[in-house]
Amino acid sequence: MREKEAETNKDIKAKLSPKKFVKNPIKGTKYTIMVSSAKGGVGKSTFAINIAFALQNLGCKVGFLDADIHGPSLPKLIAINEKPKTEDGKFLIPIEKYGAQFISMGFLIDEVTPMIWRGPMVISAIKTLTQRVMWKDLDFIVVDMPPGTGDAQLTFAQEVKVDGSIIISTPQDLALMDVKRGVQMFDKTKVKIIGLVDNMSFFKGDDGKNYNIFGEGGVEKTAKEFNKRFLGKIPINIELREASDLGLPLVYKKPDHEVSKVFLNIASKIREDFP
Ligand code: ADP
């Protein structure tokens, strides 16, 4: 009797929900997680590529989907410049490098084409990237999202089965105001927020002291305010930037580096959520 009552309550709740989303899973992976940020330039792509290799370091098979329409980062971050092959002209075959699989929005467009896509074009490109790629036996796909809460993000959140989202921010107040908007978007579209990350959190000087260049504690405070998990602080680190510029992510190149250890620690928290 109780069970029946619970079922009925569930039905009513479903009918009352303002919009029902049909979410298609990306095939070939167990989990899809997205890395997002409210603004550009906060280190979202740097985080995404390094967390992908941190998950790989923990024994996961990883794919990386660069969905940043406003400035695809894959050619730079991982130095892949070739175009992917297709199967029957219909499906894209991901490019493999360092044991991971990669697909980029940049593969679908001409490098010099300005990224002034209108809504329908963005939506169609996202459909290609999420439904027409032959990923092979992955545990995780890490999606590097464009910044903000525009068409691309909404299409993803509403139409693709995403298992979780990580929000990256710097500790500045301005960035945090937008982070709150992102948190609300994911909550409304029922995408689980795995947690928030504080990037460029502090700089460790030669004197061994930590300097809070962009302020202190803001991201952690926002996480608390919204009852979300705070995943960790990534320092400003020259080697992290240099490794990214060379197309050889720090976590892959030097897994024992103190900054790589921060990524590995965050990756193990993600694994706890998706065993
Ligand atoms: P976004 O994807 O948010 O636009 P990027 O990941 O492209 O940002 O990072 C912007 C720039 O900042 C890049 O040059 C990157 O190497 C650098 N960067 C990001 N995070 C850090 C960090 N923790 N320490 C040093 N440089 C960083």
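Residues numbered from 1 in each chain as written. Predicted model: local features only at pLDDT ≥ 70, side-chain atom pairs only at ≥ 80, totals over all residues. Heavy atoms only, no water.

**Notes on unusual backbone geometry**
Short version of the rule: Counting from the N terminus, the helices are DSSP H or I runs at least four residues long and the strands are E runs at least two residues long.
In this structure, Y98 takes a positive phi of about 45° despite not being glycine. Within the secondary structure, Y98 is located in the loop between strand 5 (95-97) and strand 6 (100-104). Residue M200 is not a glycine yet carries a positive backbone phi of 55°.

**Details of the site of the ligand**
Using the following cut-off: Here, proximity means that at least one heavy atom of the residue falls within 4 Å of the molecule or strand. Under this definition, polar contacts are N or O atom pairs within 3.5 Å; protein pairs additionally need one hydrogen-donor-capable and one acceptor-capable atom, and for neighbouring residues in sequence, both atoms have to be side-chain atoms. Note on areas: these come from Shrake-Rupley sampling with a 1.4 Å probe, and a residue is covered only by the protein chains present in the view. The nonpolar class holds Ala, Val, Leu, Ile, Met, Phe, Trp, Tyr, Cys and Pro. Asp, Glu, Lys and Arg form the charged class, and all remaining residues, Gly among them, are polar.
The immediate surroundings of the ligand are formed by 15 residues, with G41, K44, S45, T46 and P235 found nearest. In this structure, a nitrogen atom belonging to the ligand sits 2.8 Å away from a main-chain N or O atom of P235. N237 is positioned such that a nitrogen or oxygen atom in its backbone is 2.9 Å from a nitrogen atom of the ligand. Taking 560 Å² as the accessible area of the ligand by itself, protein coverage stands at 80%. Breaking the shell around the ligand down by element, the ones donating at least two residues are helix 2 (44-57), strand 9 (193-204), strand 11 (230-236) and helix 9 (238-245). The residue inventory of the shell around the ligand, partitioned by class, reads 6 nonpolar, 7 polar and 2 charged.

**Details of the packing of aromatic side chains**
Rules: The rule is short: rings of Phe, Tyr and Trp, with Trp giving its six-membered ring, pair when the centres are within 6.5 Å, and they are stacked under 30 degrees, edge-to-face over 60, tilted in between. Buried means the residue's accessible area, taken with a 1.4 Å probe over protein chains only, is under 20% of the maximum for its type, while exposed means over 50%, and partly exposed covers the values in between.
Summed over the entire model, instances satisfying the criterion amount to 9 aromatic pairs. Look at Y31 and F140: their rings are 5.4 Å apart centre to centre, the planes differ by 35°, and that puts the pair in the tilted class. Remark: F140 occurs in strand 7 (residues 138-144) and Y31 occurs in strand 1 (residues 29-37); sequence separation between them is 109 residues. A relative accessible area of 0% places F140 in the buried class.

**Observations concerning the confidence of the model for the protein**
Put simply, the rule is: A score between 0 and 100, pLDDT records how confident the predictor is in each residue. Whether two residues touch is decided by their heavy atoms; if any such pair falls within 4.5 Å, the residues are in contact.
This prediction gives the protein a mean pLDDT of 85; 87% of its residues lie at or above 70. Per-residue pLDDT stays below 50 along residues 1-9; that stretch engages in 0 contacts with residues further than four places along the chain or on separate chains. A low-confidence stretch, residues 11-17 stays under pLDDT 50, and its non-local contacts, those more than four residues away or across chains, total 1 contact.

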